[in-house]
2 protein chains.
Amino acid sequence: MTEHFDGQEAWAAALRAHGRRVTKQRLAVLAAVERHPHSPAESILAAARAELPELTAQSVYVVLGDLTDLHMLRRFEPPHSPALYETRVGDNHHHAICISCGRVEDVDCAVGHAPCLTPHWNPDAKPMTIQIADVMYQGICQDCQRAQQLPPQSSLTRNKEIGEQ
Amino acid sequence: MTEHFDGQEAWAAALRAHGRRVTKQRLAVLAAVERHPHSPAESILAAARAELPELTAQSVYVVLGDLTDLHMLRRFEPPHSPALYETRVGDNHHHAICISCGRVEDVDCAVGHAPCLTPHWNPDAKPMTIQIADVMYQGICQDCQRAQQLPPQSSLTRNKEIGEQ
DNA sequence: GCACTTATTATTAGTAAGTCACAATAAGGC
DNA sequence: GCCTTATTGTGACTTACTAATAATAAGTGC
C-alpha cells in the first residue's frame, strides 16, 4: 500500500488488452514477480500473500500459467530447479545460473540482436519454425568461486528464498 | 544378444576409465540411451528392461545421475517435460523442441565453434565463470504445422513413447 | 577358481512441484 | 444493483524424482 499505483494501472491495462479481468490476485502475482524476478511459484505465493493473505497456491499456478501463455510473464526452468518467472519479456534476453548456489543473472543477447533464432540444421533434419531460443549459461558465480578456494566453509545452500537475487 | 559387442567394450572401457565397475545395469542403460536418444528416465527404463528385465526405476535414476556427472551422458530439461538424456557428449550441440508434439532434434552449434560461451554481461552484473551454454530452441515442427493448417484432426499427443524421435 | 571387500543395485517409503475436477466467488456489462 | 460467466478456492491426485537401508555382485588378492 505505498506508491506502486502507476504499476497497478499499467498491469490493469495490459490485462484488459488481453481480454482478462483485472483481479487483485492477478495484480498481486504480477507485483510479486516484478519485485522478485527469477522466483519460483512458491516464493511468488509467499510474496503475494504479503498484500493478499487469502491467496492460494493453486490460484498462483493458474495465474502464472495463464499470464505466461499471454507473454505477460516469462517462464524458464533451470536444471534441478522448479520453474522461475520474471516480468521482463519481449526482449530476447538469457540467463546465467550458478550451479553452486543457484543465483540467476540476466544476460543480454549474446550475438547481436536476434542471434540464436537461426539454428544450423543438420543436413538430414527437418527444420522447425523457431519461436524462442532460450540460452541457459551454467557456471560458477564469483562468490562461490571464492568460497571454494577458501578452506572449509562447506555451506552449499541453494537460495530458494525470496530475499535473494 | 546380437552384434553390439564393440559398443559394450567401448562403454566398459569408459566406465573403467572413470573408476566405475562394469555392471550389466550400467551397460543396459547406456545401450538404451544410445538407441533412444532424447528419452526420459522412464523410457530408458523400459528400453533397458528389454535386455535386463529385473532392472528397477531407482537404479536407472542412480545410474543416469552418476553417468551424467561423469559426462558420459548429457541431460537436459525441456520446458514442461521430464529430463531427457543422450549419449552425444563433448560437442557443444543444442536442441530444438517442438512445443506442439515434443519432438526433439539435435542442432549443431549456432555461431561457429564456442559461440554461446561468451555472454554479454550487463554493466552492473558480476560475471560468472561459464562452463556450459545450453541453447533450447522452441518452435513448431513441419508435421505439426501442417496438422494445424488442415481442418479438424485434434490429436495433440505428446510422444513420450520410446519408439519415436 | 574361491573368498572377501565394498561399490552397486533393489526395496520401500517419502517428497516437491504441479495438475485436475468441481464448488464458491466476484468482475464487469447491462 | 443484478446477473452472467470468468476467475479463484478447495481438496484430491499425479508425476518425476530423492532418501535410507538391505541385498547383491564386481573386482581384487590368494
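For the structure itself, look to the data block above.
Just so you know, these numbers come straight off a predicted model, no measurement behind them.

Criteria and cut-off values
Residues numbered from 1 in each chain as written. Chains lettered and ligands numbered in written order. Predicted model: local features only at pLDDT ≥ 70, side-chain atom pairs only at ≥ 80, totals over all residues. Heavy atoms only, no water. Helix = DSSP H or I, 4+ residues; strand = E, 2+ residues; numbered from the N terminus. Buried < 20%, exposed > 50% of the residue type's maximum accessible area, 1.4 Å probe, protein only. Contact = heavy atoms within 4.5 Å. Least-squares fit on C-alpha atoms with pLDDT ≥ 70 in both. Pairing = 2+ DSSP bridges. Salt bridge = Lys/Arg side-chain N within 4 Å of Asp/Glu carboxyl O. Polar contact = N/O pair within 3.5 Å; in protein donor to acceptor, adjacent residues only side chain to side chain. Axes fitted to C-alpha atoms, helices over the stretch in contact; angles between N-to-C directions. Parallel < 35°, antiparallel > 145°, perpendicular 65-115°, else oblique. Nonpolar A, V, L, I, M, F, W, Y, C, P; charged D, E, K, R; others polar.

Colleague: Mind laying out the overall build of chain A, listing which residues take part and the relevant values?
Modeller: Along chain A, the regular secondary structure elements total five helices and six strands. Helices and strands appear in chain A in the N-to-C order α-α-β-α-α-β-β-β-β-β-α. The buried share among the 165 residues of chain A stands at 44%. Once local pairs closer than 6 in sequence are excluded, the contacts in chain A between residues at least 24 apart make up 48%.

Colleague: Describe the relation of the copies chain B and chain A, and please don't skip the residues or the numbers.
Modeller: For the pair chain B and chain A, the relating rotation is 180 degrees, the translation along its axis is 0.0 Å, and the fit reaches an RMSD of 0.1 Å. Taken together, these values place the two copies in the relation of a two-fold axis. Nearest to the rotation axis, the C-alpha of Val-135 of chain B is located 2.2 Å from it, this being the minimum over chain B. The overlap is high: 100% of the interface residues of chain B also sit at the interface in chain A, so the same surface is used on both sides.

Colleague: Before we move on, could you go through the sheet that holds strand S3 (residues 84-86) of chain A and cite the residues and values that matter?
Modeller: Residues and elements named next belong to chain A. Judged by pairing direction, the sheet is antiparallel, and its three strands sit side by side in the order S1-S3-S2 without closing on themselves. One side of each edge strand has no neighbouring strand; the edge strands of this open sheet are strand S1 (39-40) and strand S2 (74-76). Sheet analysis places S1 next to S3, joined by two bridges and oriented antiparallel. Bridge assignment links Pro-40 to a residue of S3, and that residue is Leu-84.

Colleague: Kindly report on the pattern of salt bridges, identifying the contributing residues and their values.
Modeller: Residue and element names in this part refer to chain A. The full count for this structure, using the stated rule, is 18 salt bridges over all chains. The partner of Glu-77 in a salt bridge is Arg-75, with the nearest N and O atoms 2.9 Å apart. For Glu-77, a relative accessible area of 16% gives the class buried. Looking at Arg-75, the relative accessible area reads 26%, which means it is partly exposed. Residues Arg-103 and Asp-143 are paired through a salt bridge, measuring 2.9 Å at the closest nitrogen-oxygen approach. Here Asp-143 lies in helix H5 (residues 142-149) and Arg-103 lies in the loop between strand S4 (94-98) and strand S5 (104-107), a separation of 40 residues in the sequence. Residue class for Asp-143 comes out partly exposed when judged on its relative accessible area of 31%. Three or more residues joined by partner-sharing salt bridges are found here, namely Arg-88, Asp-91, Asp-106 and Asp-108.

Colleague: Before we move on, can you summarise the side chain of Gln-138 of chain B with the specific residues and values?
Modeller: Its location among the elements puts Gln-138 of chain B in strand S6 (residues 129-140). Gln-138 of chain B sits in the buried class, given a relative accessible area of 11%. Within the structure, Gln-138 of chain B has its side chain in polar contact with the side chain of Asp-134 of chain A (distance 3.4 Å). Those residues in contact with Gln-138 of chain B that sit more than four places away from it in its chain are Thr-129, Ile-130, Gln-131, Ile-132 and Asp-134 of chain A together with Pro-79, Ile-97 and Ile-99 of chain B.

Colleague: Talk me through the side chain of His-38 of chain A; I want residue IDs and the actual numbers.
Modeller: All names here are of chain A. Relative to the helices and strands, His-38 resides in the loop between helix H2 (24-35) and S1. In this structure His-38 comes out as buried when scored by relative accessible area, which is 6%. Polar side-chain contacts of His-38 include one of 3.1 Å to the side chain of Glu-86. When sequence neighbours within four positions are dropped, the list of residues in contact with His-38 reads Phe-76, Leu-84, Tyr-85, Glu-86, His-95, Val-104, Glu-105 and Asp-106.

Colleague: I'd like a rundown of the packing of helix H2 (residues 24-35) of chain B against helix H4 (residues 57-69) of chain B, residues and numbers included.
Modeller: When two helices pack together, their arrangement is given by the angle between their axes and by how far apart the axes lie. Residue and element names in this part refer to chain B. Two elements in contact, H2 and H4, have axes separated by 10 Å at closest approach and are oriented at 75 degrees. Viewed along their axes, H2 and H4 adopt a mutual orientation that is roughly perpendicular. For the pair H2 and H4, the contacting residues are Arg-26, Val-29, Leu-30 and Val-33 in the first and Val-60, Val-63, Leu-64, Asp-66 and Leu-67 in the second. Grouping the constituent residues of the contact of H2 with H4 by class yields seven nonpolar, no polar and two charged.

Colleague: Break down the sheet that holds strand S2 (residues 74-76) of chain B for me, with residues and values.
Modeller: Spatially, the three strands line up as an open sheet ordered S1-S3-S2 (chain B), and their pairing is antiparallel. Of all the strands in the sheet, the pair left with one neighbour each is strand S1 (39-40) and S2 of chain B.

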